[in-house]
Amino acid sequence: MSKDSYLVGLIGSGIGPSLSPALHEREADRQGLRYLYRIIDIDDLGVPAEAVGDLVRAARDLGFDGLNITHPCKRLVIEHLDALDPQAEALGAVNTVVFEDGRAVGHNTDVTGFAASFARGLPDAPLERVVQLGAGGAGAAVAHATLTLGAERVTVVDALPDRAVALADGLNRRFGDGRATAAAPDRLAALVADADGVVHATPTGMAAHPGLPLPAGLLHPGLWVAEVVYRPLETELLRAARGVGCATLDGGGMAAFQAADAFRLFTGREPDVSRMLADIGELAGAVSVRD
């Protein structure tokens with residue numbers, strides 16, 4: 001039987017404003033659980049991202065049940081784990097660590113979170129040609145999700161060309177040659193003009209990183225735009241996209257679905273995703289007003 005008391009946490013940089021603690025603790029309260037979700041911010045601790053292994057070991061020794069992992073530690077944490085589930089291994093990125101019988105096992109709920117959010121919010125979106133901005137840990141997850149959803153071709157654009165190439169190569173190994181390609185930012189105008197949709201998977205648009213990840217003039221009415229950022233729910237990108245008539249998907253759904261999947265991994269209990277979706281709307285909306 002599942003126990004009724006849990007200690008979990010989030011490791012990352014600049015994560016003080018994260019809504020993950022509130023999302024998890026609200027659902028736990030509704031299920032009658034004692035559930036403490038701690039923020040472990042490497043900036044506050046004054047340690048580099050490479051210290052993630054020490055932090056994971058300390059959390060295990062202190063009796064944590066699991067951890068969420070975010071930027072910039074999703075790839076770095078892998079070498080410090082005892083095992084990976086197939087999804088995380090294929091991605092080369094971990095956002096959830098579960099402590100099981102003294103072992104640290106890595107998972108990735110970003111993939112399932114984005115896929116579920118996209119299927120819910122843009123169920124009829126065409127997926128022949130997709131342009132993705134960003135090839136980091138979140139970018140790897142959403143690219144895998146997009147191809148899993150049936151995208152014929154994903155073109156990855158990143159400010160670090162080698163990172164885009166590495167992601168595209170990994171996607172082709174998993175999904176088949178020609179399903180993914182890497183492109184330099186200077187090709188963005190031509191790519192977006194011919195695309196069915198754009199997936200944004202960089203920090204641009206977050207409260208701490210305001211702005212647009214691409215020139216607004218590249219957006220056109222036949223395009224759909226999916227966002228990973230959820231703070232604020234309406235980013236400058238989504239506002240510009242709606243202004244020209246694009247179908248849009250905010251990052252709230254991915255945040256809620258991935259949190260629900262992590263909650264299930266930590267507790268073995270089934271979360272109420274509809275309630276967590278309502279939570280993210282309420283929490284992110286309240287934060288946006290204050291910001």
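Because the structure is a prediction, the values reported are computed rather than measured.

Taking strand neighbours across the sheet as the criterion, the 6 strands line up as 2-1-3-5-6-4 in an open arrangement whose pairing is mixed. Either end of the sheet is taken by a strand with one partner, and the two such strands are strand 2 (34-41) and strand 4 (83-84). Note that strand 4 and strand 6 (residues 103-107) share 2 bridges and pair parallel. Directly across from Ala83, in strand 6, lies its bridge partner Val105.

Moving on, we get to the packing of helix 1 (residues 20-30) against helix 10 (residues 252-267). Close contact between helix 1 and helix 10 brings their axes to 10 Å; oriented N to C, the two are set at 55°. Relative to helix 10, the element helix 1 is oriented oblique. Here helix 1 and helix 10 pass one another in a crossing that is right-handed. Touching Leu23, His24, Glu27 and Ala28 of helix 1 are Ala255, Ala259, Ala262, Phe263 and Phe266, all from helix 10. Of the residues that constitute the contact of helix 1 with helix 10, the class distribution is 7 nonpolar, 1 polar and 1 charged.

Moving on, we come to the pairing of strand 11 (residues 224-227). Of the two faces of strand 11, both are covered, the one formed by Trp224 and Ala226 as well as the one formed by Val225 and Glu227. Pairing geometry for strand 10 (residues 197-200) and strand 11, over 4 bridges, is parallel. Bridge pairing in strand 11 places Gly197 opposite Trp224. Crossover connection from strand 11 via helix 9 (residues 236-243) to parallel strand 12 (residues 247-249): handedness right-handed.

The subject of this paragraph is the pattern of salt bridges. Scanning all chains against the criterion turns up 18 salt bridges. The residue Asp54 makes a salt bridge to Arg57 at a minimum N-O spacing of 2.5 Å. Note that Asp54 and Arg57 are positioned in helix 3 (residues 52-61) at a spacing of 3 residues, about one turn of the helix. For Asp54, a relative accessible area of 49% corresponds to the partly exposed category. Among the residues examined, Arg57 registers a relative accessible area of 34% and is labelled partly exposed. Salt bridges sharing partners connect three or more residues here, namely Arg26, Glu27, Arg30, Asp272, Arg275, Asp279 and Glu282.

Take the pairing of strand 2 next. Across 8 bridges, the pairing between strand 1 (residues 5-12) and strand 2 is parallel. Residue Gly9 lies in a different strand from strand 2, and its bridge partner there is Arg38.

The next thing to look at is helix 5 (residues 109-121). Between its terminal C-alpha atoms helix 5 stretches 18 Å, which fits the 18 Å expected from 13 residues at 1.5 Å a residue. Taken together, the buried positions of helix 5 are occupied by Thr109, Asp110, Val111, Gly113, Phe114, Ala115, Ser117 and Phe118. Capping the start of helix 5, Asn108 holds a side-chain oxygen 2.9 Å from the backbone nitrogen of Asp110, two or three residues further along.

Because the α-helix completes a turn every 3.6 residues, residues three or four places apart line up on one side. Taking 1.5 Å per residue, 12 residues should reach 16 Å; helix 6 (residues 137-148) reaches 17 Å between its end C-alpha atoms and fits that length. Most of helix 6 sits out of view: 11 of its 12 residues are buried. Listing the buried residues of helix 6 in full gives Gly137, Ala138, Gly139, Ala140, Ala141, Val142, Ala143, His144, Ala145, Thr146 and Leu147. One or two steps after helix 6, the chain reaches Gly150, where phi turns positive at roughly 115°.

A few words now on unusual backbone geometry. That bond from His71 to Pro72 is cis: its omega, 5°, falls within 30 degrees of zero. Its place among the elements puts Pro72 in the loop between strand 3 (66-69) and strand 4. The residue after Arg231, namely Pro232, is reached through a cis peptide bond having omega 5°. Note on placement: Pro232 falls in the loop between strand 11 and helix 9. Phi at Asp101 is positive, roughly 50°, even though this residue is not glycine. By the secondary structure assignment, Asp101 is in the loop between strand 5 (96-100) and strand 6. Judged by relative accessible area, which is 82%, Asp101 ranks as exposed.

How each quantity is defined
- Residues numbered from 1 in each chain as written.
- Predicted model: local features only at pLDDT ≥ 70, side-chain atom pairs only at ≥ 80, totals over all residues.
- Heavy atoms only, no water.
- Pairing = 2+ DSSP bridges.
- Helix = DSSP H or I, 4+ residues; strand = E, 2+ residues; numbered from the N terminus.
- Axes fitted to C-alpha atoms, helices over the stretch in contact; angles between N-to-C directions.
- Parallel < 35°, antiparallel > 145°, perpendicular 65-115°, else oblique.
- Left-handed = near helix turned anticlockwise from the far one by under 90°.
- Contact = heavy atoms within 4.5 Å.
- Nonpolar A, V, L, I, M, F, W, Y, C, P; charged D, E, K, R; others polar.
- Buried < 20%, exposed > 50% of the residue type's maximum accessible area, 1.4 Å probe, protein only.
- Right-handed = clockwise from strand over helix to strand, strands pointing away.
- Salt bridge = Lys/Arg side-chain N within 4 Å of Asp/Glu carboxyl O.
- Expected span 1.5 Å × (residues − 1).
- Polar contact = N/O pair within 3.5 Å; in protein donor to acceptor, adjacent residues only side chain to side chain.

All we've got here are geometric facts, nothing functional implied.
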